[in-house]
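Structure at a glance
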Amino acid sequence: MIGMYDVEKHFGSLHVLKNIKLEVPAGQVLVVLGPSGSGKSTLCRTINRLEPVDSGKITIDGVVLPDEGKALAQLRADVGMVFQSFNLFAHKSILHNVMLGPVKVRKMKKGDAEKLAVSLLERVGIASQKDKLPAQLSGGQQQRVAIARALAMQPKVMLFDEPTSALDPEMVNEVLDVMTSLAKEGMTMVCVTHEMGFARKAADRVIFMAEGEIVEDSTPESFFTNPQSSRAKDFLSKILTH
């Protein structure tokens, strides 16, 4: 479903992605772990060309990502993305935030888009808030709206770039619960996260990055119980001792 072949990316003199080779089959939940500055978020953002790459090839469902233009916009519509910040339209209701993409991009009739939006808000547990503005919701609720909005485009792939890192601790689980249920339903997901419990419970596969490279690629079980590289051992010892 996602293919990355010999992908290279620099920010000036900083080499942030080094010869990335990665294939994610349909329905797989891939969690990307690693220390800050290891290239995790950049990797996630190149998958829908939010970050252009210097060289290499990226494919979504077998189609090569175009550099720009209408074809890129169409392909992007198949890739849902949820960020740290919720990026909701402040002056539109929750319902209208979720309806906007299907109406504008997918050319869905308003009535159909509304039905879809309500069903997705029910799915993420906040249909009762549909007429409120984003500012009237908690951070956890806003992030669940952002997930519903991404799902409204009926994407083939969902990318999550540290979706819980801006949330208060008590709101983290409500977002992770929604992500876990999506994972169980067979959505192809790439999740950059610091939530080790989620990685253990919901991931099919874990990749560990350091200094722009994929250092390990394994099951959650083997990564957490028997990491192969010194970088991963060091990372886990710092995280799991607290």
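Predicted model only: the values in this text are computed from it and were never measured.

Further remarks concern the environment of Val175. Inspection of the secondary structure puts Val175 in helix H6 (residues 169–184). Through-space distance from the C-alpha of Val175 to that of Val124 is 8.6 Å; in sequence the pair is 51 residues apart. Apart from the residues within four sequence positions on either side, Val175 is in contact with Gly140, Gln143, Arg144, Ile147, Thr164 and Leu167.

Take the UniProt feature "domain: ABC transporter" (unreviewed entry) in the protein next. Residues annotated in UniProt with the feature "domain: ABC transporter" (unreviewed entry) correspond here to residues 2–236. With 38% helix and 26% strand, the stretch residues 2–236 has end C-alpha atoms that lie 27 Å from each other.

Here we take up the pairing of strand E2 (residues 14–24). Sheet topology note: the strand E1 (residues 2–11)/E2 ladder contains seven bridges and is antiparallel. Along E2, the bridge assignment pairs Ile2 with Val24. Linking two consecutive strands that pair antiparallel, namely E1 and E2, is a turn of two residues; a positive phi of about 60° is found at Gly12 within it.

On to the pattern of salt bridges. Here the structure, examined in full by the defined rule, presents twelve salt bridges. Arg144 is the salt-bridge partner of Glu174, the closest N and O atoms lying 2.8 Å from each other. With a gap of 30 residues between them, Glu174 in helix H6 and Arg144 in helix H5 (residues 139–152) connect regions that are remote in the sequence. Each member of the salt-bridge network shares a partner with another, and the members are Asp61, Asp78, Arg106 and Lys156.

A rise of 1.5 Å per residue sets the reference length of H5, with its 14 residues, at 20 Å; its end C-alpha atoms lie 20 Å apart and thus fit the reference within 8%. Among the 14 residues in H5, 13 count as buried, and that is most of the element. Where H5 terminates, the next one or two residues include Gln154, which has phi positive at roughly 50°.

Take the nonpolar core next. One finds Leu33, Leu121, Ile147, Met158, Phe160, Met179 and Met189 to be the most contacted residues of the largest nonpolar core, which totals 52 residues. Top element by residues in this core is H6. It accounts for eight residues. With sequence-adjacent residues up to four places away left out, Met179 is seen in contact with Ile147, Phe160, Pro163, Met189, Cys191 and Phe198. One finds Leu43, Ile58, Leu72 and Met81 within the second-largest nonpolar core, a separate group that totals 26 residues.

Notably, Asp61 is not glycine yet its phi reads approximately 50°, a positive angle. You can call Asp61 partly exposed: its relative accessible area is 39%. Of note in the backbone geometry, Lys107 takes a positive phi value of approximately 60° without being a glycine. Inspection of the secondary structure assignment puts Lys107 in the loop between helix H3 (94–104) and helix H4 (110–123).

Contact geometry of H5 with H6 gives a least axis separation of 8 Å together with a crossing angle of 20°. In this view, H5 runs roughly parallel relative to H6, as classed from their interaxial angle. The element H5 and its partner H6 pack so that their crossing is right-handed. Contacts between H5 and H6 pair Gly139, Gly140, Gln141, Gln143, Arg144, Ile147 and Leu151 from the former with Met171, Glu174, Val175, Val178, Met179 and Leu182 from the latter. Grouping the amino acids of the contact of H5 with H6 by side-chain chemistry returns seven nonpolar, four polar and two charged.

By secondary structure assignment, the location of Glu216 is in strand E10 (residues 213–218). Here Glu216 occupies a buried position and makes no salt bridge, while the nearest side chain of opposite charge, Lys233, is found at 7.1 Å. At 2.5 Å, the side chain of Glu216 and the backbone nitrogen of Ser229 are in polar contact. Once you skip the residues sitting within four places of it in the chain, Glu216 turns out to touch Val206, Ile207, Phe208, Phe223, Pro227, Gln228, Ser229 and Ala232.

Here is what the cut-offs are and how they apply
- Residues numbered from 1 in each chain as written.
- Predicted model: local features only at pLDDT ≥ 70, side-chain atom pairs only at ≥ 80, totals over all residues.
- Heavy atoms only, no water.
- Helix = DSSP H or I, 4+ residues; strand = E, 2+ residues; numbered from the N terminus.
- Contact = heavy atoms within 4.5 Å.
- UniProt positions renumbered as here; feature names shortened; annotations may be inferred.
- Pairing = 2+ DSSP bridges.
- Salt bridge = Lys/Arg side-chain N within 4 Å of Asp/Glu carboxyl O.
- Expected span 1.5 Å × (residues − 1).
- Buried < 20%, exposed > 50% of the residue type's maximum accessible area, 1.4 Å probe, protein only.
- Core = buried A, V, L, I, M, F, W, Y, C linked by side-chain atoms within 4.5 Å.
- Axes fitted to C-alpha atoms, helices over the stretch in contact; angles between N-to-C directions.
- Parallel < 35°, antiparallel > 145°, perpendicular 65-115°, else oblique.
- Left-handed = near helix turned anticlockwise from the far one by under 90°.
- Nonpolar A, V, L, I, M, F, W, Y, C, P; charged D, E, K, R; others polar.
- Lys, Arg positive; Asp, Glu negative; His and termini not counted.
- Polar contact = N/O pair within 3.5 Å; in protein donor to acceptor, adjacent residues only side chain to side chain.

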